[in-house]
Amino acid sequence: MIYADVVIIGAGAAGLTAAQYLARAALQVLVIEERAPGGQAALIEVLENFPGNIASNDRAARSGSELMDDMYRQAQHFGAQFLIDTVQTVQRGVDGLWQILRAVGEPVSTQAVIVATGTKHKTLNIAGEKELTGRGVSYCASCDGPFFKGKKIVVVGGGDSACTEAQYLSGLTDTVLLVHRRGELRAQKGIAERVIHNPHIALRFNTVLVEIRGENRVSTVLLETDGKQYEEHAEAVFVFIGAVPSHSFLPALCCDEEGYIVTDQTMASSLPGLFAAGDVRANPFRQVIVAAGEGAVAAHSAVLWCQNQR
């Protein structure tokens, strides 16, 4: 059994910020991340709305990946330890400590847990989506967009993510079709305006993607507008229709109607000693700067919790 004063699950902006604050407070900190440090923020081409991150004469504004890499190295510098593994269960042990069971490594015992696992993308649940995922269907433009330079691309969604990713993809091809089931974009005004005035993005409102077709790769999509279905050529479909919080490994705790963890202003959940920060937490404004701030608050609260337990 491994022991750490505080275990952070997730290494996005919230988890990495919490890690460096806790490590600087001289606590034993272990961060468990399923994939690689950075989270969804690492996929952002340019973090143009992150305070202080602005282009100058001698350098460009940093990408999300660059900022997350810096935060990761900073947390390591102060002493935080990192493991790549999948958390399967978090439960209270007979000794009162939290016990974290992992997919590969041995269990971890800890005084406090900070859940910073963010969200996972929602799927359309339509014919062809699952079968063609990785073969033209994607949920990450910066990951897979370069494979479709000069190709016909369909983007599904109308929020910040869909518009931001459509804007990015329009730099790779002249033909991006943005499909949205509503009559107007839901994205922030500045983001939506850039998409509306982008000559390489065609908007299709009040339209639903019914089916994704192709043998071994995406070749066409079936759309429906005003009750009429029609087929269009497409070589890639990028889906950005929202997300669901990632905390299925946790015991029952207080969540809102969408499944996001409810906390107080100290980031404490309904379970004593378990805190939440970032996109997994009930919050009306999910941004990198917000996640980082919540990570700092959660870390401070975890420090106080550990002190009280002693």
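Residues numbered from 1 in each chain as written. Predicted model: local features only at pLDDT ≥ 70, side-chain atom pairs only at ≥ 80, totals over all residues. Heavy atoms only, no water.

A. Spotlight on the sheet that holds strand β12 (residues 207-213). Read across the open sheet, the three strands follow the order β12-β13-β14; overall the sheet is antiparallel. The sheet terminates laterally at β12 and β14 (228-233), the two strands that pair on one side only. Pairwise comparison of adjacent strand axes, ignoring direction, gives a mean angle of 25° for this sheet. Pairing of strand β13 (residues 220-225) with β14, which is carried by six bridges, proceeds in the antiparallel orientation. Paired with Leu223 across the bridge in β14 is Tyr230. (Pairing = 2+ DSSP bridges. Helix = DSSP H or I, 4+ residues; strand = E, 2+ residues; numbered from the N terminus. Axes fitted to C-alpha atoms, helices over the stretch in contact; angles between N-to-C directions.)

B. Molecular detail of the side chain of Thr220. Tracing the sequence through the fold places Thr220 in strand β13. For Thr220, a relative accessible area of 17% gives the class buried. One polar contact links Thr220 to Glu231, side chain to side chain, over a distance of 2.7 Å. In contact with Thr220, other than residues within four places in its own chain, are Ile212, Arg213, Glu231, Glu232, His233 and Ala234. (Buried < 20%, exposed > 50% of the residue type's maximum accessible area, 1.4 Å probe, protein only. Polar contact = N/O pair within 3.5 Å; in protein donor to acceptor, adjacent residues only side chain to side chain. Contact = heavy atoms within 4.5 Å.)

C. Spatial organisation of helix α7 (residues 288-309). Its 22 residues give α7 an end-to-end C-alpha distance of 31 Å, which sits within 8% of 32 Å, the value for a rise of 1.5 Å per residue. Buried residues of α7: Val288, Ala291, Ala292, Glu294, Gly295, Ala296, Ala298, Ala299, Ser301, Ala302, Val303 and Cys306, and no others. Residues of α7 that are buried in the fold lie against β1 (2-9), α1 (13-24), α2 (64-77), β6 (108-115) and β17 (274-276). (Expected span 1.5 Å × (residues − 1).)

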